Amino acid sequence: MSNNLTRSRNRAFAIAGLGIALIVAVFLSPFASQDPDGLDRVSQDLKFEDKAAEDAPASKLPFYSIFDEYALRGVPEGIATPIAGLVGTLATFGLAWGIGKLVVRGESSPSDESDR
């Protein structure tokens, strides 16, 4: 009985966390600063931002044709960043959930062993 309650609480916690992350990604991302992030700022300050490789390794990644910086390519500017935030949050959650399932699958809890 306690195990079902724990699972139910864990599920509610995960859903609440995902919901909060999605709200932040979709509704707050348009208000993000337009100033350069840390690495871009350092490259500008040290005057080497134009020395990037023309054929950057990032351009060979599978999602390069879909995403442009922090926005979705081919989508109107006003919704490109929120949609990219939505997709990125769901992808990150999915990867974390999948890895968690793989890791937990191999473990058994002490209560499972005592029930045998």
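For the chain, an unreviewed UniProt entry supplies the name Cobalt transport protein and the organism Scytonema millei VB511283. A UniProt comment under Subcellular location (unreviewed entry) is attached to the chain, and it reads "Cell membrane".

Digging into the overall build of the chain
Per the secondary structure count, the chain includes four helices and two strands. Mapped from its N terminus to its C terminus, the chain presents α and β elements in the order α-α-β-β-α-α. Counting only residues that meet the buried cut, the chain has 9% of its 116 residues in that class. Of the roughly 9,900 Å² of accessible surface on the chain, 63% is carried by carbon and sulfur atoms.

Notes on a positive patch on the surface
Positive charge collects at one region of the surface, where Arg 7, Arg 11, Lys 101 and Arg 105 lie side by side. Elements that contribute at least two residues to the positive patch include exactly helix 1 (2–28) and helix 3 (77–105). Among the structural elements, Arg 7 can be located in helix 1.

Quick notes on the pattern of salt bridges
According to the stated counting rule, one finds one salt bridge in the structure shown. Among the ionic pairs, Asp 45 bridges to Arg 41, the shortest N-O distance being 3.0 Å. Taken together, the residues Asp 45 and Arg 41, both in helix 2 (residues 38–45) and four residues apart, mark about one turn of the helix.

Description of the UniProt feature "transmembrane region" (unreviewed entry) in the chain
If you check UniProt for "transmembrane region" (unreviewed entry), the listed places come out as residues 12–32 and 79–99 in our numbering. Counting secondary structure, residues 12–32 comes out at 81% helix and 0% strand; the distance between its end C-alpha atoms is 29 Å. Across residues 79–99 one finds 100% helix and 0% strand; the C-alpha atoms that close the span lie 30 Å apart.

Structural notes on the side chain of Ser 43
Secondary-structure assignment places Ser 43 in helix 2. Side-chain polar atoms of Ser 43 contact the backbone oxygen of Asp 40, separated by 2.8 Å. Not counting the four nearest positions on each side in its chain, Ser 43 is found in contact with Phe 48 and Glu 49.

Looking at unusual backbone geometry
A positive phi angle, near 60°, is found at Lys 47, a position not held by glycine. Locating Lys 47 in the fold gives a position in the loop between helix 2 and strand 1 (67–68).

Some thoughts on a negative patch on the surface
Together, Asp 37, Asp 40, Glu 49, Asp 50, Asp 68 and Glu 69 give the surface a local cluster of negative charge. Checked against the element boundaries, Asp 50 lands in the loop between helix 2 and strand 1. When its relative accessible area of 73% is taken as the criterion, Asp 50 is described as exposed.

Some points on the environment of Phe 67
Counting through the fold element by element, Phe 67 comes out in strand 1. Linking Phe 67 and Ala 84, residues 17 residues apart in sequence, is a C-alpha distance of 7.4 Å.

Cut-offs and rules
- Residues numbered from 1 in each chain as written.
- Predicted model: local features only at pLDDT ≥ 70, side-chain atom pairs only at ≥ 80, totals over all residues.
- Heavy atoms only, no water.
- UniProt positions renumbered as here; feature names shortened; annotations may be inferred.
- Helix = DSSP H or I, 4+ residues; strand = E, 2+ residues; numbered from the N terminus.
- Buried < 20%, exposed > 50% of the residue type's maximum accessible area, 1.4 Å probe, protein only.
- Areas by Shrake-Rupley, 256 points an atom, 1.4 Å probe, with all protein chains shown as cover.
- Patch = residues over 30% accessible without salt bridge, like charges linked within 9 Å, V, L, I, M, F, W, Y side chains within 5 Å.
- Salt bridge = Lys/Arg side-chain N within 4 Å of Asp/Glu carboxyl O.
- Lys, Arg positive; Asp, Glu negative; His and termini not counted.
- Charge placed at Lys NZ, Arg CZ, Asp CG, Glu CD.
- Polar contact = N/O pair within 3.5 Å; in protein donor to acceptor, adjacent residues only side chain to side chain.
- Contact = heavy atoms within 4.5 Å.

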